[in-house]
Amino acid sequence: CGALGMARASSGVLALLMVAAMACGDDDASPGATDGRTPPGVRVQSSKPRLTAAVPAADTQDLTRDNASFAFDVLGRTATNENFFFSPHSLSLALAMTYGGAHERTATQMAQALRWTLPAERLHAAFGALDLELGRRGDKPVESGHAFELRILDAAWGQRGHVFLSSYLDLLAEHYGAGLNLLDFGSDPEGSRTAINRWVSQSTEARIPELLPAGLISPATVLVLTNAISFTASWKNPFDPAQTSERTFVGLDGQATNVPMMHQVRELRYAEGEGWQALELPYSGDEVSMIAILPGAGAFESFRATLDGAKLGSIAGALGSRMTDVSLPRFRFRTQLPVKPTLQALGMTDAF
């Protein structure tokens, strides 16, 4: 049957397997290098330092709750019976950077569609704090031989020659540690798209080879905000390859397929309720974990329809240690999420 998988960072930060980061530059707008880490093009950034002061816990909790609500709004409008993967944090963070330059009705629509309840200044401060916290999780060492990498890649790309307000550059620098990387969308939209994709691919070691599809950038483009996640980790409790064997997996269509099934029996955090079972599998370093939720037989659609941030929080809070017999299929898949119609359906129309 089907299972819903999500990642959870410790300290109560919830998300659907996600991460993000920022490209910055210099005040004098000198040409950028192309070493695979430095964004291409001319770069300009406010001289304002990034704010690192503590943000009230209530604000980060509100933002986490609002982001979870937005995540399940998107999931409910886009999910199908096919394998599906997306990063709500990526959408929220990139759109928060956009929101910093929005006003009046566009700003109101964005806040409502994204479920944000904090006023703008506190919202950006909370996003900045969350971004820094996720970045720190990727910086901590783990045991020798255990992979853990959480790479955050956010960048703002502007049209060369366009005048960007200093207040907007200040906001990007103070809350997101970001500057603007200037390219010439007007005369070379395809070359600009290629340059951005090449940087993302090099920065993620080719895990994300083409972030921007053909035709996305046009000569009328003024600002592009990109967000990419690269996450690699080893299980804290690795599955023994000798315990992996061909076993039957039944999909939502009722079709049975033989797949390589990983297996282990150990003490893990587990919970069950009416119509569901949930399991937490920690990654090496105990900084992030995967929560897998298995709806009861025949209950996948009804469970997914009622799954929201509150229900997810309740399930996570119910997890407790017990001896668990785990079987998980090995899998690989790709998905694409058409963001524009989803956001329009949620009420964010004027921005498009």
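Everything numeric here is computed off the predicted structure, so don't read it as measured data. Every chain begins its residue count from 1, and numbering advances along the sequence as written. Local features in a predicted model are, by the rule used here, given only for residues with pLDDT of at least 70; side-chain atom pairs are given and counted only at 80 or more, and totals for whole chains, interfaces and linings are based on all residues. Water and hydrogen atoms were dropped before computing side-chain values, which therefore reflect all heavy atoms in the structure.

1. Remarks on the confidence of the model for the protein chain
Link 1 in the chain: pLDDT expresses how confident the predictor is about each individual residue, on a scale running from 0 to 100. Per-residue pLDDT for the protein chain averages 83, and the proportion of residues at 70 or more is 86%.
Link 2 in the chain: Low pLDDT (under 50) marks residues 1-36, which in the prediction has 141 contacts with non-local residues, meaning those over four places away or in another chain. Residue contacts are defined here by distance: any two heavy atoms, one from each residue, within 4.5 Å place the two residues in contact.

2. Here we look at the pairing of strand β9 (residues 276-282)
For a regular strand, side chains alternate in direction, first toward one face of the sheet and then toward the other.
Link 1 in the chain: Each residue is assigned to one of three classes by its accessible area relative to the maximum for its type, calculated with a 1.4 Å probe on protein chains only: buried under 20%, partly exposed between the two thresholds, exposed over 50%. In this description a helix means any DSSP run of H or I spanning at least four residues, a strand means any run of E spanning at least two, and both kinds are numbered starting from the N terminus. Burial within β9 is extensive, with 6 of its 7 residues counted as buried.
Link 2 in the chain: Two strands pair if DSSP finds at least two bridges between them. Judged from the 5 bridges that link them, strand β8 (residues 256-273) and β9 form a sheet pairing that is antiparallel. Paired with Glu272 across the two strands is Gln277, which belongs to β9.
Link 3 in the chain: Linking β8 to β9, which pair antiparallel, is a turn of 2 residues; within it Gly275 sits at a positive phi near 85°.

3. Quick notes on the nonpolar core
Link 1 in the chain: We call a set of buried Ala, Val, Leu, Ile, Met, Phe, Trp, Tyr and Cys residues a nonpolar core when their side-chain atoms join them within 4.5 Å. In this structure, Leu63, Trp116, Phe127, Tyr176, Leu180 and Ile293 are the most contacted members of the largest nonpolar core, which totals 54 residues.
Link 2 in the chain: The contact partners of Phe127, leaving out residues within four places of it in the chain, are Leu63, Asn67, Ser92, Leu93, Ala96, Trp116 and Tyr176.

4. Remarks on unusual backbone geometry
Link 1 in the chain: Backbone geometry at Glu205 places phi at a positive 55°, although glycine is not the residue there.
Link 2 in the chain: Considering the arrangement of structural elements, one finds Glu205 in the loop between α6 (189-203) and β6 (223-233).
Link 3 in the chain: Phi at Ala206 takes a positive value of approximately 70°, unusual for a residue other than glycine.
Link 4 in the chain: Residue position: Ala206 is located in the loop between α6 and β6.

5. A short note on the packing of aromatic side chains
Link 1 in the chain: In this scheme Phe, Tyr and Trp rings, the latter by its six-membered ring, pair at centre separations within 6.5 Å, and the angle between planes marks the pair as stacked below 30 degrees, edge-to-face above 60, and tilted otherwise. Applying the stated criterion across every chain, the model contains 7 aromatic pairs.
Link 2 in the chain: Taking the centre distance of 5.5 Å and the plane angle of 70° together, the rings of Trp157 and Trp199 count as edge-to-face. Note that Trp157 is positioned in strand β4 (residues 148-159) and Trp199 in helix α6, a separation of 42 residues in sequence. This pair shows no difference in class: Trp157 is buried, exactly as Trp199 is.

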